[in-house]
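The chain contents come next:
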Amino acid sequence: MTSFLHVPCAILEEKKISDNFRADIISTVEFNYSGELLATGDKGGRVVIFQHEQESKNRPHLRGEYNVYSTFQSHEPEFDYLKSLEIEEKINKIRWLPQQNAAHFLLSTNDKTIKLWKISERDKRAEGYNLKDEDGRLRDPFRITSLRVPVLMPMDLMVEASPRRIFANAHTYHINSISVNSDHETYLSADDLRINLWHLEITDRSFNIVDIKPANMEELTEVITAAECHPLQCNVFVYSSSKGTIRLCDTRAAALCDRQAKFFEEPEDPSSRSFFSEIISSISDVKFSHSGRYMMTRDYLSVKVWDLNMENRPVETYQVHEYLRSKLCSLYENDCIFDKFECCWNGSDSAIMTGSYNNFFRMFDRNTRRDITLEASRESSKPRATLKPRKVSTGGKRKKDEISVDSLDFNKKILHTAWHPKDNVIAVAATNNLYIFQDKIN
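Attention in this report is confined to the structure presented alongside it. Values in this document were obtained by computation on a predicted structure and should not be read as measured data.

## Considerations on the overall build of the protein
Inference 1: Check the secondary structure of the protein and you find two helices and 32 strands.
Inference 2: What you see for the protein is a C-alpha radius of gyration of 24 Å, in line with the 22 Å of a compact globule of 442 residues.
Inference 3: Across its three principal axes, the protein shows a C-alpha extent of roughly 95 × 60 × 45 Å.
Inference 4: Buried positions account for 49% of the 442 residues belonging to the protein.
Inference 5: A sequence separation of at least 24 residues applies to 54% of the contacts in the protein between residues at least 6 apart.

This is the structure in structure tokens:
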């Protein structure tokens, strides 16, 4: 397993507990397709974009760092007067579009509204207008005696974020997923009971491709928890449910995919069934591998890798924090059992990463089956410091440098992580702090 060290970056500074503390909590993290940009969204509706700085020739061992590139307010709090409900500004998901020109585009969503943003640079301005002075005041047309050609003059670099499309009024329930299709023209959005397919150029209508809402809501037994498009086949997508099942659908088969093409479910061991079984089996995230051959799902205690050609059981299962199984009762009482952890692949699909409690995050090497626990904290993350593996003591005599299960801080949790699409660079969101780590160069 590769050693990681902390990369100095413009960390979202930890603020004192105040009215703004909740607004600063990071709610999503996403690299763009090249890895040059990293976007974060928070509960205050803001999007902060970090840019990868170029390597220094004088210090080649210090690879490029990430600094703030642009910050903008994506969503504002709203109020649904028909239902008397407040709509939070919290950014649930960010998804980048592949870059087609000099500008960058991304989709961001809160519970109800999806927006397409254009992020562009401007380093020149026009000067020498005929009808207005340099300060912007209009000139008297009768005093204009000659025509001049405006010229472009250099100026300080300005990064602008402008909303290009707003996709609204299509979801009755809270949006939990958005995913850009491999055709780069359409994307899907999912809420608790429905999945819609959108065209990026059309904002006033979408196609409902999955609807699991029963005629009688009292018969509701499961909800959609996550959805994603296949990275290579634009007609294939998957969605996961709170019952621990995954359905793979093919839009070529029917316009409404109420019947899945494939159904993935691991048989439950009756001997291990408990009151919490259904809660901890709920899938919080699903991700296709870059190759499109596998998919990964995260439930409360484990990460599972599925081969799309085998539906009856996962090909790999990794325990994230099995030592919490004995703590499920207290985790249920403090609502931590309902936390939704995300997971991600590295660029070559050879390793996976997901978060845990106490600001721990777990990495698994699929080839060697080795795993490692690392911690994202200010104390252990001095600039360029190598991260030391952490271990949790599950009982008996605690060894040196081990931490006891009873002393884990469940208020410190890493729900959102992202892996650079090409390099061993990872981004970890710990409450309202963003940490960026890279593999160590010997």
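## Focus: the side chain of Thr417
Inference 1: Tracing the backbone shows Thr417 in strand S30 (residues 416-419).
Inference 2: Setting aside chain neighbours within four positions, we find Thr417 in contact with Val29, Glu342, Cys344, Met353, Thr354, Ala427 and Val428.

## What about the packing of aromatic side chains?
Inference 1: By the definition in use, this model includes 18 aromatic pairs.
Inference 2: Consider the rings of Phe31 and Tyr66, whose centres lie 6.1 Å apart with planes at 70 degrees: the pair is edge-to-face. Here Phe31, found in strand S2 (residues 26-31), pairs with Tyr66, found in strand S5 (residues 66-73); they are 35 residues apart in sequence, far enough to count as distant. Across the pair, exposure class does not vary: Phe31 and Tyr66 are buried alike.
Inference 3: Seen in terms of ring centroids, Phe72 and Trp117 are 4.6 Å apart; in terms of plane orientation they differ by 40 degrees. Their pairing is tilted. Taken together, the residues span a long stretch of sequence, with Phe72 in strand S5 and Trp117 in strand S10 (residues 114-127) at a distance of 45 residues. Like Phe72, the residue Trp117 is buried in the burial classification.

## Concerning the nonpolar core
In globular proteins that are soluble, nonpolar side chains generally tend to be buried together.
Inference 1: Counting 19 residues, the largest nonpolar core has Tyr300, Leu324, Leu331 and Leu408 as its most contacted members.
Inference 2: Apart from the residues within four sequence positions on either side, Leu408 is in contact with Tyr323, Leu324, Asn358, Phe360, Val392 and Ile403.
Inference 3: Listed in part, the 16 residues of the second largest apolar core include Leu374, Ala376, Leu387 and Ile414.

## Side note on the pattern of salt bridges
Inference 1: Counted by the stated rule, this structure contains 22 salt bridges.
Inference 2: Glu322 serves as the salt-bridge partner of Arg325, at 2.5 Å between the closest nitrogen and oxygen.

## Some remarks on the sheet that holds strand S15 (residues 207-211)
Inference 1: If you trace the four strands from one edge of the open sheet to the other, you get S12-S13-S14-S15, paired in antiparallel fashion. Where the open sheet ends on each side, the last strands, each with one partner, are strand S12 (177-180) and S15. Taken over all neighbouring pairs, the strand axes of this sheet differ in orientation by 20 degrees on average, direction set aside.

## Here's the deal with the sheet that holds strand S21 (residues 294-298)
Inference 1: Within the open sheet, the four strands sit side by side as S20-S21-S22-S23. Their pairing is antiparallel. Across the chains shown, the open sheet's two edge strands, defined by having one partner strand only, are strand S20 (285-288) and strand S23 (316-319). This sheet shows a mean twist of 15 degrees between the axes of neighbouring strands, independent of strand direction.
Inference 2: Bridge count for S20 against S21 is four bridges, and the pairing is antiparallel. Its bridge partner lying in S21, Phe288 is registered against Met295.

What counts as what
Residues numbered from 1 in each chain as written. Predicted model: local features only at pLDDT ≥ 70, side-chain atom pairs only at ≥ 80, totals over all residues. Heavy atoms only, no water. Helix = DSSP H or I, 4+ residues; strand = E, 2+ residues; numbered from the N terminus. Rg over C-alpha atoms; globule rule 2.2 N^0.38 Å. Buried < 20%, exposed > 50% of the residue type's maximum accessible area, 1.4 Å probe, protein only. Contact = heavy atoms within 4.5 Å. Phe/Tyr/Trp six-rings, centres within 6.5 Å; stacked < 30°, edge-to-face > 60°. Core = buried A, V, L, I, M, F, W, Y, C linked by side-chain atoms within 4.5 Å. Salt bridge = Lys/Arg side-chain N within 4 Å of Asp/Glu carboxyl O. Pairing = 2+ DSSP bridges. Axes fitted to C-alpha atoms, helices over the stretch in contact; angles between N-to-C directions.

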